[in-house]
2 protein chains.
Amino acid sequence: MRISELVAESGVPLPTVKYYLREGLLPAGEATGARSAAYGDHHLRRLRIIRALAEVAGLPLGRIRVIVALIDHPRDDLFDALGAAVAALPPQVDTAADYPRARAALTRLGQLYDPQYAAVAQLEEALRAADEAGLPISDARIDAYGGAVRALAEFDLDHAPEPADASAVVEYAVLGTALYEPVLLALRRLAHQHLAAERWRAPES
Amino acid sequence: MRISELVAESGVPLPTVKYYLREGLLPAGEATGARSAAYGDHHLRRLRIIRALAEVAGLPLGRIRVIVALIDHPRDDLFDALGAAVAALPPQVDTAADYPRARAALTRLGQLYDPQYAAVAQLEEALRAADEAGLPISDARIDAYGGAVRALAEFDLDHAPEPADASAVVEYAVLGTALYEPVLLALRRLAHQHLAAERWRAPES
């Protein structure tokens, strides 16, 4: 398709598309003349990824570049590529020198983890904040949340692309994190409302 | 306790405590002299709430004021007070004129909801973003996520204060949303890592 069709299909304005091309976030089209090029589904898909990361996850272009590079050239170790790609998403948390609360929770849940992975520091920080607010997370809550979260993570992995296609797996992990986390949080707030209505609201008279 | 002890116990600096007092976010202590006052556990607890909302949820003082007012003077209808308090937390989403995706999902899950509740617009926006990125959320995923989220919301409600103490319930709902959402997201990323390690990582040789 021509660049005008790519703009129409993607909904991304022409100056923005040209900017992404100049910045190398979007690969060049196939030259069809001195001043024209053809674009394919790959370009459309890439534009959608960039938009999701920029608009939904609020990522600056520098971080989008890191993620796109990992999708295009995943490392030999898929596990490492996944960790690096998801770690580029918010929230940005400094790696902790130690992470006693996260370690206790993950040991309790019997989960494998890379201590350097950003989500370990993220969990430590979240557990520390709850402690400091006087609302520490009990072991029973870790068990309940950990079990429920494991169930939905099983669904995510069951529906992932084949691991042989590392690019597709990294893309799925990044978008499934950036796009589905807001869905989960909204669903939790709505589940609370549903249960509060069932349990606490007086029937309409 | 004296104001200096309140500062030491809470970890909130004296100028900040004085600022919260002037702004009415923190109720005045009991006067013990012309220039001194006594503070109690209530003040300590309130300082922790303000700090959690300001530092963890990143809320501006205007929104914290709304939440604190709802905790101090919950409306007659607990259900309405809960909705208003949690709606003051991020993300801020404009109420949608219509919410076809959220309605379909909530109907599918068989959940009661108030269409004006902010989380409905939040869910609509999140589902729309996934659609537009070319990664729409399937019915099977709604079922899987909805079921897992319902399980953890059941735990939350089971451990809520008695509904007769409306202030305590509103406080629990606000803090449980602001403080526990980051825990859940970190746990999901770590569950993915655990499962990816189990399923995809070659055993160390």
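Residues numbered from 1 in each chain as written. Chains lettered and ligands numbered in written order. Predicted model: local features only at pLDDT ≥ 70, side-chain atom pairs only at ≥ 80, totals over all residues. Heavy atoms only, no water.

**Things to note about the domain arrangement of chain A**
Residues and elements named next belong to chain A.
No. 1: Each domain of chain A was delimited in the assignment, giving domain 1 (1–56) and domain 2 (78–200).
No. 2: Regarding the contact of domain 1 and domain 2, the summed buried area is about 460 Å², with carbon and sulfur atoms giving 77% of it.
No. 3: Broken down residue by residue, the surface that domain 1 buries against domain 2 is led by Ile49, Leu53 and Val56, which jointly contribute 71%.
No. 4: In this structure, the connection of domain 1 to domain 2 is made through one salt bridge.
No. 5: In this structure, Glu171 engages Arg45 in a salt bridge whose closest nitrogen and oxygen atoms are separated by 2.6 Å.
No. 6: For the pair domain 1 and domain 2, the number of links is one residue pair in polar contact (both at pLDDT 80 or more).
No. 7: Class assignment of the residues belonging to the side of domain 1 that touches domain 2 gives a composition of four nonpolar, no polar and one charged. (Domains from an automatic or database assignment. Buried area = accessible area lost by both parts, 1.4 Å probe. Salt bridge = Lys/Arg side-chain N within 4 Å of Asp/Glu carboxyl O. Polar contact = N/O pair within 3.5 Å; in protein donor to acceptor, adjacent residues only side chain to side chain. Nonpolar A, V, L, I, M, F, W, Y, C, P; charged D, E, K, R; others polar.)

**What about the packing of aromatic side chains?**
No. 1: What the rule picks out here adds up to eight aromatic pairs over all chains.
No. 2: Where Phe155 of chain A meets Tyr145 of chain B, the ring centres are 6.4 Å apart and the plane angle is 75 degrees; that geometry is what we call edge-to-face. Of this pair, Phe155 of chain A sits in helix α8 (residues 139–158) while Tyr145 of chain B sits in helix α8 (residues 139–158), on two different chains. An identical accessibility class is assigned to Phe155 of chain A and Tyr145 of chain B; each is buried.
No. 3: In this structure, Arg103 of chain A packs its charged tip against the face of Tyr99 of chain A, placed 5.0 Å from the ring centre. (Phe/Tyr/Trp six-rings, centres within 6.5 Å; stacked < 30°, edge-to-face > 60°. Helix = DSSP H or I, 4+ residues; strand = E, 2+ residues; numbered from the N terminus. Buried < 20%, exposed > 50% of the residue type's maximum accessible area, 1.4 Å probe, protein only. Lys NZ or Arg CZ within 6 Å of the ring centre and 35° of its normal.)

**A short note on helix α7 (residues 118–132) of chain B**
Residue and element names in this part refer to chain B.
No. 1: Taking 1.5 Å of rise per residue, the 15 residues of α7 would be expected to cover 21 Å, and the 21 Å separating its terminal C-alpha atoms lies within 8% of that figure.
No. 2: For α7, the full list of buried residues reads Ala119, Val120, Ala121, Gln122, Leu123, Glu124, Ala126, Leu127, Ala129 and Ala130.
No. 3: Immediately downstream of α7, the backbone of Gly134 shows phi near 80 degrees, a positive value. (Expected span 1.5 Å × (residues − 1).)

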